[in-house]
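Residue-level listing of the chains:
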Amino acid sequence: MSATGLTPREAARWAGRAGLVLPAGRHAAVAATADHIHSVVAVLRELDFGDTPPAPAYRAATAKETRDAAQ
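Just so you know, these numbers come straight off a predicted model, no measurement behind them. (Residues numbered from 1 in each chain as written. Predicted model: local features only at pLDDT ≥ 70, side-chain atom pairs only at ≥ 80, totals over all residues. Heavy atoms only, no water.)

### Structural notes on the environment of Ala28
For clarity, the cut-off: To qualify as a helix, a DSSP run of H or I must reach at least 4 residues; to qualify as a strand, a run of E must reach at least 2; elements of each kind are numbered from the N terminus. Think of it in three bands: with a 1.4 Å probe and only protein chains considered, a residue is buried below 20% of the maximum accessible area for its type, exposed above 50%, and partly exposed in between.
Within the secondary structure, Ala28 sits in helix H2 (residues 27-46). In this structure Ala28 comes out as partly exposed when scored by relative accessible area, which is 46%. For Ala28 and Arg9, which are 19 residues apart along the polypeptide, the C-alpha to C-alpha distance reads 8.2 Å.

What follows is the structure in structure tokens.
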């Protein structure tokens with residue numbers, strides 16, 4: 001996708017390449033949605049997750065557990 005965004009015509013072309021039938025009235029909406037998703041992903045790529053442990057390392061406390069700093 002270019003820096004200027006996805007055009008409705010490009011959206012239709014990419015949908016066709018993916019085997020999707022995209023009605024002509026949806027080209028602009030799909031292009032706008034794709035541009036929005038692209039902008040969100042661009043922001044996420046800039047985040048630094050250097051010291052963030054992977055999801056399996058997270059253990060949520062249950063309601064029965066007490067939170068006590070002395071433990």
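Okay, back to it.
### Here we look at the environment of Glu10
What counts, and what does not: For the purposes of these results, a polar contact is taken to be a pair of N or O atoms within 3.5 Å, where, inside protein, one atom must be able to donate a hydrogen and its partner to accept one; residues adjacent in sequence count only when each atom of the pair is a side-chain atom.
Its place among the elements puts Glu10 in helix H1 (residues 8-17). For Glu10, a relative accessible area of 25% translates into the label partly exposed. With 20 residues separating them in the primary sequence, Glu10 and Val30 have C-alpha atoms 10.0 Å apart. Reaching out from Glu10, the side chain makes a polar contact with the backbone nitrogen of Thr7 at a distance of 2.9 Å.

### What about the environment of Ala15?
Quick note on the threshold: For this analysis, residues touch if any pair of their heavy atoms sits within 4.5 Å.
Along the chain, Ala15 falls in helix H1. Sequence separation of Ala15 and Val30 is 15 residues, and the distance between their C-alpha atoms is 9.3 Å. With residues up to four places along the chain from it excluded, the contact list for Ala15 reads Leu20 and Leu22.

Geometry only, nothing functional implied.
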